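Examining the three-dimensional arrangement
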Amino acid sequence: LTILAFSVHNRSVLTPKAISTVENPEGIKIQWEDGSEQVLSFKTLRLECPCALCKGERTPFDPQVLPMAPRLTEQSIQAQEMFKVGTYAIGFRWGDGHDSGIYTFEYLKDLS
Ligand SMILES: [Zn+2]
């Protein structure tokens, strides 16, 4: 996995200076513009994938049902690739080929 460095044009606390990978737990470390650091495991990131498929579109009739949520395997939580999405988010390609989640910086900051 590559280390992503961000050139900061809009200096906000929600802009990472850099995102690097860490080994224990396997995941990423985000260095935020405000000086704080955040570590997120790949497992957490995969479980919290914000795409419509994973989060499911809960219907008002049966809010418990998430019919489309794919089953996760060991492979599912292996990050194959990390990439930037515009200037506001990052994405991952997972071991099972899933790559439609767009993790905005705001979303990442709220995960812990
Ligand atoms: Zn997803």
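What comes next concerns the included structure.

Procedures and definitions
Residues numbered from 1 in each chain as written. Predicted model: local features only at pLDDT ≥ 70, side-chain atom pairs only at ≥ 80, totals over all residues. Heavy atoms only, no water. Helix = DSSP H or I, 4+ residues; strand = E, 2+ residues; numbered from the N terminus. Buried < 20%, exposed > 50% of the residue type's maximum accessible area, 1.4 Å probe, protein only. Contact = heavy atoms within 4.5 Å. Areas by Shrake-Rupley, 256 points an atom, 1.4 Å probe, with all protein chains shown as cover. Pairing = 2+ DSSP bridges. Core = buried A, V, L, I, M, F, W, Y, C linked by side-chain atoms within 4.5 Å. Polar contact = N/O pair within 3.5 Å; in protein donor to acceptor, adjacent residues only side chain to side chain.

What to know about the overall build of the protein chain
- Counting secondary structure elements, the protein chain contains three helices and seven strands.
- Starting at the N terminus and ending at the C terminus, the protein chain contains elements arranged as β-β-β-β-α-α-β-β-β-α.
- A buried classification covers 34% of the 112 residues belonging to the protein chain.
- Counting contacts in the protein chain only where the partners sit at least 6 residues apart, residues at least 24 apart contribute 37% of the total.
- As presented, the protein chain carries roughly 6900 Å² of accessible surface, and 50% of it is formed by carbon and sulfur atoms.

Structural notes on the sheet that holds strand β1 (residues 4–5)
- Ordered by their spatial adjacency, four strands build an open sheet running β1-β2-β3-β4, and the pairing between neighbours is antiparallel. Only two strands of the sheet have a single neighbouring strand rather than two, namely β1 and β4 (37–41).

Brief notes about the nonpolar core
- Counting 21 residues, the largest nonpolar core has Ile 19, Ile 28, Leu 45, Ile 90, Phe 92, Tyr 103 and Leu 108 as the members making the most contacts within it.
- Where this core is concerned, the elements lending two or more residues are β3 (26–32), α1 (42–47), β5 (79–85), β6 (89–94) and α3 (105–110).
- Each residue touching Tyr 103, except ones within four places of it in the same chain, is listed here: Leu 45, Arg 46, Glu 48, Cys 49, Pro 50, Tyr 88, Ala 89, Ile 90, Gly 91, Phe 92, Trp 94 and Leu 108.

Side note on the sheet that holds β5
- A sheet is described by the order of its strands in space; here three strands give the open sequence β5-β6-β7, paired in antiparallel fashion. Looking at which strands have only one partner, the edges of the open sheet turn out to be β5 and β7 (103–104).
- Of the pairings in the sheet, the one linking β5 to β6 comprises six bridges and is antiparallel in character. Note on β6: the bridge partner recorded for Met 82 is Phe 92.

Observations concerning the side chain of Gln 38
- Within the secondary structure layout, Gln 38 lies in strand β4.
- Among the polar contacts made by the side chain of Gln 38, one reaches the side chain of Trp 32 at a distance of 3.0 Å.
- In this structure the side chain of Gln 38 is engaged in a polar contact, spanning 2.8 Å, whose partner is the backbone oxygen of Leu 108.
- Those residues in contact with Gln 38 that sit more than four places away from it in its chain are Ile 28, Lys 29, Ile 30, Trp 32, Leu 108, Lys 109 and Leu 111.

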